[in-house]
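Here is how the chains run, residue by residue.
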Amino acid sequence: QVQLVESGGGLVQAGGSLRLSCAASGIIFSIHTMGWYRQAPGKQRELVASISSGGSTNYADSVKGRFTISRDNAKNTVYLQMNSLKPEDTTVYYCNAQSPAFIYVYWGQGTQVTVSS
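Predicted model only: the values in this text are computed from it and were never measured.

Criteria and cut-off values
- Residues numbered from 1 in each chain as written.
- Predicted model: local features only at pLDDT ≥ 70, side-chain atom pairs only at ≥ 80, totals over all residues.
- Heavy atoms only, no water.
- Core = buried A, V, L, I, M, F, W, Y, C linked by side-chain atoms within 4.5 Å.
- Buried < 20%, exposed > 50% of the residue type's maximum accessible area, 1.4 Å probe, protein only.
- Helix = DSSP H or I, 4+ residues; strand = E, 2+ residues; numbered from the N terminus.
- Contact = heavy atoms within 4.5 Å.
- Disulfide = S-S within 2.5 Å.
- Phe/Tyr/Trp six-rings, centres within 6.5 Å; stacked < 30°, edge-to-face > 60°.

(A) Just the nonpolar core, in detail. With 27 residues, the main nonpolar core has W36, V78, L80, M82 and Y93 as its most contacted residues. It is strand β3 (residues 18–25) that provides the largest number of residues to this core, a total of four residues. Among all residues touching M82, those that are not within four sequence positions of it are G16, S17, L18, L20, R66, F67, Y93 and V113.

(B) The state of the cysteines, seen in detail. Under the definition given, this model contains one disulfide. Each sulfur of the disulfide joining C22 and C95 lies 2.1 Å from the other. Handedness here is read from the sign of the S-S torsion; for C22 and C95, about -80°, the answer is left-handed. In this pair, C22 sits in strand β3 while C95 sits in strand β9 (residues 91–98), placing the two residues 73 residues apart along the sequence. Residue C22 is classed as buried on the basis of its relative accessible area, which comes to 0%.

(C) Region of interest: the packing of aromatic side chains. In the structure shown here, the tally under the stated rule is two aromatic pairs. Ring geometry for Y37 against W107: centres 5.0 Å apart, planes inclined by 70°, an arrangement best described as edge-to-face. Pair noted here: Y37 is in strand β4 (residues 33–39) and W107 is in strand β10 (residues 105–107), with a separation of 70 residues, a long-range link. The partly exposed category is assigned to W107, whose relative accessible area is 37%. On the numbers, 6.4 Å between centres and 15° between planes, the contact of Y104 with Y106 is stacked.

Now the structure itself:
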């Protein structure tokens, strides 16, 4: 059974930082592309950042220079370091795992991030 368990969300003031973690089980973590997505109410889920099995990263323009995605294959965990947080970053963040050739896609349950102004 595949599980992606997020943690690290919470309430922070604008300009502050949070680090999200996603612990994966039930998959061969090292071969999966891992990502973080977010979805505001009434909007489509959007990619925040992703990291390939080889370590290549991709970021949404809105978070470039502020967020950093990383992975620890020994711990089967992907991280999202979020700095200089803005109120518009407030939403639920979801961990995502994609198998090679994107045959399988898995989602975590989501973690709430709230940034107060």
